[in-house]
Amino acid sequence: MANTTLGPVTIVAEGDAVTGLYFRHHIRSPAQETFGAVVAGDALLAEAATQLEDYLAGRRREFALPLRADGDAFQQAVWSIVNEIPFGETTTYGRIAERLGDRGLAYRVGQAVGANPLCIFVPCHRVLGANGNLTGYAGGLKRKQALLELEEPAQVRAGRLF
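Just so you know, these numbers come straight off a predicted model, no measurement behind them.

A. Just the pattern of salt bridges, in detail. Under the definition given, this model contains 6 salt bridges. Residue Asp54 is joined to Arg59 by a salt bridge in which the shortest nitrogen-to-oxygen separation is 2.8 Å. The class of Arg59 is exposed, set by a relative accessible area of 54%. Residue Glu98 is joined to Arg103 by a salt bridge in which the shortest nitrogen-to-oxygen separation is 3.3 Å. The exposure class assigned to Glu98 is partly exposed, which follows from its relative accessible area of 44%. Looking at Arg103, the relative accessible area reads 44%, which means it is partly exposed. Several salt bridges share partner residues, and in doing so they unite Glu53, Asp54 and Arg59 into one network.

B. Representation of the sheet that holds strand S1 (residues 2-4) within the structure. Taken together, 3 strands build an open sheet; the order of strands is S1-S2-S3 and the sheet is antiparallel. Two strands lie at the open edges of the sheet, namely S1 and strand S3 (17-23), each paired on one side alone. Pairwise comparison of adjacent strand axes, ignoring direction, gives a mean angle of 35° for this sheet. Packed on one face of the sheet, helix H1 (residues 43-56) meets S1, strand S2 (7-14) and S3 and runs near 140° to S2.

C. View of the nonpolar core. With 37 residues, the main nonpolar core has Val78, Val82, Ile120 and Phe121 as its most contacted residues. Sorting the residues of this core by element identifies S2, S3, H1, helix H2 (73-83), helix H3 (93-99) and helix H4 (106-114) as the ones contributing at least two each. The contact partners of Val82, leaving out residues within four places of it in the chain, are Ile96, Val113, Val122, Pro123, Cys124 and Val127.

D. Local environment of the packing of aromatic side chains. This structure, assessed with the given rule, holds 4 aromatic pairs. A centroid spacing of 5.3 Å and a plane angle of 50° characterise the contact between Tyr55 and Phe63, whose relative ring orientation is tilted. As far as the burial class goes, Tyr55 and Phe63 line up, both buried. Taking the centre distance of 6.3 Å and the plane angle of 85° together, the rings of Tyr55 and Phe87 count as edge-to-face. With Tyr55 in helix H1 and Phe87 in the loop between H2 and strand S4 (91-92), this pair connects stretches of sequence that are 32 residues apart.

E. Looking closely at helix H5 (residues 141-151). Taken together, the buried positions of H5 are Arg143, Lys144, Leu147, Leu148 and Glu151. Buried residues in H5, looked at end-on, bunch into an arc of 135°, giving them a common side. If you follow the buried residues of H5, they end up packed against S3, H1, H3 and strand S5 (127-128).

F. Structural detail: unusual backbone geometry. One non-glycine residue, Ile120, adopts positive backbone phi at about 70°. Mapping Ile120 onto the fold places it in the loop between H4 and S5. The buried category is assigned to Ile120, whose relative accessible area is 2%.

G. Just the environment of His125, in detail. Locating His125 in the fold gives a position in the loop between H4 and S5. For the pair formed by His125 and Leu147, sequence separation is 22 residues and the distance between their alpha carbons is 6.9 Å. When residues no more than four places from it in sequence are discounted, the contact partners of His125 are Tyr55, Ile120, Tyr137, Lys144, Leu147, Leu148 and Glu151.

Basis of the calculations
Counting restarts for each chain: residues are numbered from 1 in the order of the written sequence. It should be noted that, the model being predicted, local features are given only for residues of pLDDT at least 70 and side-chain atom pairs only at 80 or more, the latter also being counted only at that level, while totals for whole chains, interfaces and linings use all residues. With hydrogens and water excluded, all non-hydrogen atoms of the structure serve as input to the side-chain values. What makes a salt bridge here is a side-chain nitrogen of Lys or Arg within 4 Å of a carboxyl oxygen of Asp or Glu, nothing more. Relative accessibility decides the category of a residue: with a 1.4 Å probe and only protein chains considered, values under 20% of the type maximum give buried, values over 50% give exposed, and everything between is partly exposed. Any two strands with at least two DSSP bridges between them are considered paired. Runs of H or I in DSSP of at least four residues are treated as helices and runs of E of at least two as strands, each being numbered from the N terminus. For every element, the axis is a line fit to its C-alpha atoms; helices are fit only across the contacting stretch, and the angle between N-to-C directions ranges from 0 to 180 degrees. Any two residues having at least one pair of non-hydrogen atoms within 4.5 Å are treated as being in contact. What is meant by a nonpolar core is a set of buried Ala, Val, Leu, Ile, Met, Phe, Trp, Tyr and Cys residues, joined one to another through side-chain atoms within 4.5 Å. Aromatic rings from Phe, Tyr and Trp, taking only the six-membered ring of Trp, are treated as a pair when their centres fall within 6.5 Å; an angle between ring planes under 30 degrees marks them as stacked, one over 60 as edge-to-face, and anything in between as tilted. The arc in question is the one spanned by the directions pointing from the helix axis to the C-beta atoms.

Okay, here's the thing in structure tokens:
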């Protein structure tokens, strides 16, 4: 477990890849006993924690980690698109559904985004509702807002001061 500015997180790895990042009270967190043993000194987990800390401190915009998320083909397609959303930008569930060929899939896209086991590393916080409103986030809407504010372009942030 790592302590972050967003609260404690558990980073999970299996073999040579990071497979999960979960906040305390994460909405879709696996049972703690499924995480396996805590491995002190694990190089991959230490690197993941360092990169996460750097991101949250504003020193990193993307992650260079081997990631692997278990999910069905639809979820994998959604997570792949989500992973392409650049730092500081957002999209909507509907736009992702359109990229998958059917805007009517927006609800399923939302379910897949919500099931993302690699939150932050695969930036599901960058996906918004159709009207730009914050909608569900497994780590809670306050954390989603904080992540979006962290990535907010400086000129937008400055514009809110006046």
